[in-house]
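# An overview of the molecular structure
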Amino acid sequence: MCATCGCGESEPVAHSHSQAQDANHHHPGGPVHDHAHEPRRISLEQDILAKNAEFAAGNRRLFADRGMLVLNLVSSPGSGKTTLLVQTAQALRDAFPVMVIGGDQQTARDAERIRAAGVPAVQINTGKGCHLDAHGVGHALDQSLLAEGGVLFIENVGNLVCPADFDLGEAAKVVILSVTEGEDKPLKYPNMFAASRLMLLNKIDLLPHVDFDVDRCVDYARRVNPDLQILRLSARSGEGMAAWLDWVRAGQRNELSQHIDRLEADLAAARARLIHGGGEIRRTII
Amino acid sequence: MHEFSLCEGIIDAVTTQTRQQGFSRVRRVWLEIGALANVELDALRFAFEVVRDNTIAATAELDIITLPGRAWCLNCAQAIAVGELYDPCPLCGGYQWRLTGGNEMRIKELEVE
């Protein structure tokens, strides 16, 4: 057994390392051996999404530094995400900064609709991609999307499968299901409903016209995720919107108060350093 | 088809590790995928064959080890086996359980030369 690299070579026969290995691999005084063609196992034990998790952590730090609430909105295509966002932005933009990132495979149509509602919006076109990832969101985060105490909505690509796996640095995923879809979608796409904190049941103004059993849908969703919060609303008629807006406001206040706690802790630590660092300075300041 | 993104992540991690340790070819990759993870294994295998092209893993074989779904039932206060995210607890029939295993997506090991 080679004590230097543990490659399993036991015979002191004449052999040589490949160039790449020689660069950082020496056996002083001993025979050099060759394991360029000997298979060896490397244990990795690494999450496949480790890199996305790193980028998501970076985004999360940017948001935390500003006490921002960031929500990742996920749904099928056509659930009414953009209409909901337009109504939400108009209702909240005077209370605190509201910003939107829109993900679609093609076109900037959604971002244009949202900018028309008077809030900054950036479109990410994923091309053939079926989901947003933390790296792409990080690149989209220009100064117009970062504001102290603001709320950033990330409208993901319409897809109930792929976006479930990709943390973007958000505080929570909000899944939107409309009553024009099947009530059994929480069972058909369980990973997304399991990954979400809130489900918005949208287009309830259409309930008289469709065969959609709300209670059964809620039951299915809670089977997959017993902790899932559920709100029923219609972005078009405005019914139920108040509860959703309150949910966002509560989240925004929560992020901001956590931000204040962190700033106060930093301030207290800085004061402590000043006091321990020298009485002279302390007297002149106080 | 986020399996393509997953495979890009796999190839990236595998390439980095292999080069860092001074090897030049990946012969085999072992993944651990939970039975309840959001991954279609056939799509993952297909994507792997496409994404590995022109990398040091171009001829690498893919071995997928499936890990079983395990959960803790809050009602029964004990460990249970689950096959789907919407399965009831096999003991009490309730849904108040928390997943403790079965959603893994890990690169476990490589064989390199």
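Not measured: the values here are computed from a predicted model. Every residue gets a number counted from 1 within its own chain, in the order that chain's sequence is written. Key to labels: chains lettered from A, ligands numbered from 1, both in the order written. Per-residue local features are limited, in this predicted model, to residues with pLDDT of at least 70; the limit for side-chain atom pairs, both in listing and counting, is 80 or more; totals at the level of whole chains, interfaces and linings are taken over all residues. To get the side-chain values, take all heavy atoms of the structure and skip hydrogens and water.

## Observations concerning the overall build of chain A
Secondary structure elements are defined from DSSP: runs of H or I of at least 4 residues count as helices, runs of E of at least 2 residues count as strands, and each element is numbered from the N terminus. Looking only at helices and strands, chain A has ten helices and eight strands in total. Accessible area is worked out with a 1.4 Å probe on protein chains only. A residue is then buried under 20% of its type maximum, exposed over 50%, and partly exposed in between. Here chain A holds 286 residues, and the buried ones make up 47% of them. We call two residues in contact whenever any of their non-hydrogen atoms come within 4.5 Å of each other. Here the contacts in chain A between residues at least 6 apart in sequence split such that 68% fall between residues at least 24 apart. Surface exposure of chain A reaches about 14,100 Å², of which carbon and sulfur atoms provide 51%. We get accessible surface area from the Shrake-Rupley algorithm with a probe of 1.4 Å; when it comes to residues, only the shown protein chains can shield them.

## Section: the overall build of chain B
Broken down by element type, chain B carries two helices and six strands. Tracing chain B from N to C terminus, the helices and strands come up as α-β-α-β-β-β-β-β. Residues classed as buried in chain B amount to 49% of the 113 residues present. Pairs at least 24 residues apart make up 70% of the contacts formed inside chain B by residues separated by at least 6 positions. Roughly 5,200 Å² of accessible area belongs to chain B as shown, and the carbon and sulfur atoms make up 46% of that amount.

## Structural notes on the sheet that holds strand E2 (residues 61-67) of chain B
Pairing in this open sheet of four strands is mixed, and the strands run E1(A)-E6(B)-E1(B)-E2(B) from one edge to the other. Lying at the two open borders of the sheet, with one neighbouring strand each, are strand E1 (40-47) of chain A together with E2 of chain B. On average, each strand axis in the sheet is tilted by 20 degrees relative to the strand beside it, whichever way the strands run. In terms of strand pairing, strand E1 (residues 26-34) of chain B meets E2 of chain B through seven bridges, oriented parallel. Residue pairing in the sheet places Ile33 of chain B in a bridge with Thr66 of chain B of E2 of chain B. We call two strands paired when DSSP finds no fewer than two bridges between them. Helix axes use the C-alpha atoms of the stretch in contact, all axes being lines fitted to C-alpha atoms, and the angles between their N-to-C directions lie in the range 0 to 180 degrees.

## Remarks on the environment of Asp142 of chain A
Residue and element names in this part refer to chain A. Checked against the element boundaries, Asp142 lands in the loop between helix H5 (134-140) and strand E5 (151-155). Assessed through its relative accessible area of 37%, Asp142 is described here as partly exposed. Between the C-alpha atom of Asp142 and that of Val122, which follows or precedes it by 20 residues, the distance is 9.0 Å.

## Focus: the packing of aromatic side chains
Here a Phe, Tyr or Trp ring, Trp counted by its six-membered ring, pairs with any other such ring whose centre lies within 6.5 Å, and the pair is stacked when the planes are under 30 degrees apart, edge-to-face when over 60, and tilted otherwise. Across all of its chains, the model carries three aromatic pairs over all chains by this definition. The interplanar angle of 20 degrees and the centroid separation of 6.1 Å between the aromatic rings of Trp244 of chain A and Trp247 of chain A together place this pair among those described as stacked. Placement of the pair is Trp244 of chain A and Trp247 of chain A together in helix H9 (residues 241-277), with a separation of three residues, close to one helical turn. By relative accessible area, Trp244 of chain A is classed as buried at 0%. Of the residues examined, Trp247 of chain A reaches a relative accessible area of 18% and is grouped as buried. Note on Phe4 of chain B and Phe46 of chain B: the rings are 6.1 Å apart at their centroids and 90 degrees apart in plane angle, and the pair reads as edge-to-face. On the criterion of sequence distance, the pair formed by Phe4 of chain B in helix H1 (residues 3-20) and Phe46 of chain B in helix H2 (residues 41-51) is long-range, its members being 42 residues apart. Overall, Phe46 of chain B belongs to the partly exposed group, its relative accessible area being 47%.

## So, the sheet that holds strand E7 (residues 198-202) of chain A
Each strand in a sheet pairs with another by means of backbone hydrogen bonds, the pair being arranged parallel or else antiparallel. All names here are of chain A. As summarised here, the arrangement of the seven strands in space is E4-E3-E5-E2-E6-E7-E8, forming an open sheet in which the pairing is parallel. The open sheet has two edge strands, strand E4 (121-125) and strand E8 (229-232), and neither has a second partner. Within this sheet the neighbouring strands show an average axis-to-axis angle of 20 degrees, counted without direction. By the bridge criterion, four bridges tie E7 to E8 in an arrangement that is parallel.

## Quick notes on the side chain of Glu181 of chain A
All names here are of chain A. Assignment of secondary structure puts Glu181 in the loop between strand E6 (172-178) and helix H6 (185-188). At 3.0 Å, the side chain of Glu181 forms a polar contact with the side chain of Ser76. In this structure the side chain of Glu181 is engaged in a polar contact, spanning 2.8 Å, whose partner is the side chain of Ser178. Residues in contact with Glu181, not counting those within four places in the same chain, are Ser76, Ser79 and Phe212. Pairs of N or O atoms are called polar contacts if they sit within 3.5 Å, as long as, within protein, a hydrogen donor faces a hydrogen acceptor (for residues adjacent in sequence, only side-chain-to-side-chain pairs).

## A closer look at helix H3 (residues 81-92) of chain A
Multiplying 1.5 Å by the helix residue count minus one yields the expected span of that helix. Spanning twelve residues, H3 of chain A covers 16 Å between terminal C-alpha atoms, matching the ideal 16 Å at 1.5 Å per step. Turning to H3 of chain A, its buried residues number three or more, namely Lys81, Thr82, Leu84, Leu85, Val86, Thr88, Ala89 and Leu92 of chain A.

## Side note on the pairing of E1 of chain B
Among the nine residues of E1 of chain B, seven are classified as buried, and the element is accordingly described as predominantly covered. With the strands aimed away from the viewer, a crossover counts as right-handed if its path from the first strand over the helix to the second runs clockwise. Regarding topology, H2 of chain B serves as the crossover connection from E1 of chain B to the parallel E2 of chain B, and that connection is right-handed.

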